[in-house]
Amino acid sequence: RREREEQCPLPDVTTRKAEKMAELKYDIVERLGVLSEDAKGWKKELNLVSWNERDPKSDLRSWNAEHTRMSKGITLTKEEVEILSSLLEDELKND
């Protein structure tokens, strides 16, 4: 069994994660608006972003001032934005 482990070492998860992150390409096609800014200057923004040269989608996440670093966020299709908009509109009417 030990011989088998030496022949087929487990992949390094950290290395795989770094490789995936290195492959990430993005282009902020249009800045739609800023929702808030924290004390460190990071802005929570709604943007139209093309990820890995694909069609742009609405994207909500925090960015540093230079737009070189980002937080985890959420990307939505046009249809999802329409549904979200309707849900929020209904919620605001009920306040």
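From a predicted model like this one, the values you see are computed outputs, not experimental measurements.

Undergrad: Can you explain unusual backbone geometry? Please cite residues and give values.
TA: With phi around 60°, E53 is a residue other than glycine that occupies positive phi space. Relative to the elements of secondary structure, E53 occurs in the loop between β2 (43-51) and β3 (57-63). Not every positive phi belongs to a glycine, and H67 is a case in point at roughly 60°.

Undergrad: Talk me through the pattern of salt bridges; I want residue IDs and the actual numbers.
TA: Inspection of the entire model under this criterion finds three salt bridges. Note that E53 is salt-bridged to K25, the shortest N-O span being 3.8 Å. Here the residue E53 occupies a position in the loop between β2 and β3, and K25 occupies one in the loop between α2 (13-23) and β1 (26-37), the gap between them amounting to 28 residues. We classify E53 as exposed; its relative accessible area is 69%. R61 serves as the salt-bridge partner of D59, at 2.7 Å between the closest nitrogen and oxygen. With relative accessibility at 0%, the residue D59 sits in the buried group. R61 sits in the buried class, given a relative accessible area of 10%.

Undergrad: How would you summarise the packing of aromatic side chains if you had to cite specific residues and measurements?
TA: Considering all chains together, one arrives at two aromatic pairs under this definition. With a centroid separation of 5.8 Å and 45° between ring planes, the pair formed by Y26 and W51 is classed as tilted. Of the two residues, Y26 sits in strand β1 while W51 sits in strand β2, which places them 25 residues apart along the sequence. Classification of W51 by relative accessible area gives buried; the value is 14%. One aromatic cluster is present, formed by Y26, W51 and W63 through successive ring pairs.

So, how was this worked out
Residues numbered from 1 in each chain as written. Predicted model: local features only at pLDDT ≥ 70, side-chain atom pairs only at ≥ 80, totals over all residues. Heavy atoms only, no water. Helix = DSSP H or I, 4+ residues; strand = E, 2+ residues; numbered from the N terminus. Salt bridge = Lys/Arg side-chain N within 4 Å of Asp/Glu carboxyl O. Buried < 20%, exposed > 50% of the residue type's maximum accessible area, 1.4 Å probe, protein only. Phe/Tyr/Trp six-rings, centres within 6.5 Å; stacked < 30°, edge-to-face > 60°.

Shape descriptors only; they carry no functional weight alone.
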